[in-house]
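Residues per chain are reported as follows:
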Amino acid sequence: MMPTALIRGERVSLRPVRLEDVDHLLRWATHPEVARLAQGGYPVTREGTLKWLQEALQDRYRKLFLILGPDGTPIGDIDVHHIAWRSGEGELRIRIGEPSLWGRGYGTDAIRTLLRHLFQHGHLRRIYLRVLRDNHRAVRCYRKCGFRVEGRRVERHQDGQLQEVLLMSVRLEELQYVHPDCWPQAG
């Protein structure tokens, strides 16, 4: 189920990504530090980004949203992909594309807002993710949102270096009972 209206959080709003958002996505994909922390995976040309976006918008196993700051300006994107509808799980990715806004709680609010939406309306029960172990800001954010480390693995990064990746997940029942502060009120 893909909403057409805004999904409101406490500080940010989420809306489905549209084709006209391609330039924002490309700018964030080509920013060196944003790309490093996002572990690559995004195309870095306008044509590639447009093709990727068209495919993502048609993928029934992916839900892709633009993160809008308090003033309505696009500040990043967040999605759940590899959705397994039968088992009720999917993989989270988030990118705050404006480094000047890092560390201000926008990512935390975006994740909590999306989790609330997915768990209440998307028929999902478990969300998992991968994050670089040395991305301390992101790891702290995920922990605040109720994610727990399930495992670790070593992956070869796009620059050829080996890096440790944490595998983290959160389940619906954990948010409701173990982490009630992670369950924001509907906006």
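A. Structural context of the state of the cysteines. Tallied over the entire structure, the rule returns zero disulfides. No disulfide involves Cys 141; its sulfur sits 4.5 Å from that of Cys 145, the nearest cysteine. On the accessibility criterion, Cys 141 (13% relative accessible area) is buried. Residue class for Cys 145 comes out buried when judged on its relative accessible area of 0%.

B. Examining the side chain of Gln 163 more closely. Here Gln 163 is to be found in strand β8 (residues 162-171). Note on Gln 163: relative accessible area 17%, which makes it buried. The residues contacting Gln 163, other than those within four sequence positions of it, are Leu 132, Arg 153, Val 154, Glu 155 and His 157.

C. Local environment of the pattern of salt bridges. Within the structure shown, the criterion is met by 15 salt bridges. Here Glu 164 and Arg 133 are joined by a salt bridge, their closest N and O atoms 2.6 Å apart. Placement of the pair is Glu 164 in strand β8 and Arg 133 in the loop between β6 (126-132) and α5 (136-144), with a sequence separation of 31 residues. The exposure class assigned to Glu 164 is partly exposed, which follows from its relative accessible area of 26%. Here Arg 133 falls in the partly exposed class, since its relative accessible area comes to 40%. Ionic pairing is found between Glu 150 and Arg 171, a salt bridge with its closest N-O pair at 3.3 Å. Taken as a pair, Glu 150 in strand β7 (residues 148-156) and Arg 171 in strand β8 lie far apart in primary sequence, 21 residues in all. Among the ionic contacts, a cluster of salt bridges with common partners joins Glu 89, Arg 126, Glu 150 and Arg 171.

About the criteria used
- Residues numbered from 1 in each chain as written.
- Predicted model: local features only at pLDDT ≥ 70, side-chain atom pairs only at ≥ 80, totals over all residues.
- Heavy atoms only, no water.
- Disulfide = S-S within 2.5 Å.
- Buried < 20%, exposed > 50% of the residue type's maximum accessible area, 1.4 Å probe, protein only.
- Helix = DSSP H or I, 4+ residues; strand = E, 2+ residues; numbered from the N terminus.
- Contact = heavy atoms within 4.5 Å.
- Salt bridge = Lys/Arg side-chain N within 4 Å of Asp/Glu carboxyl O.

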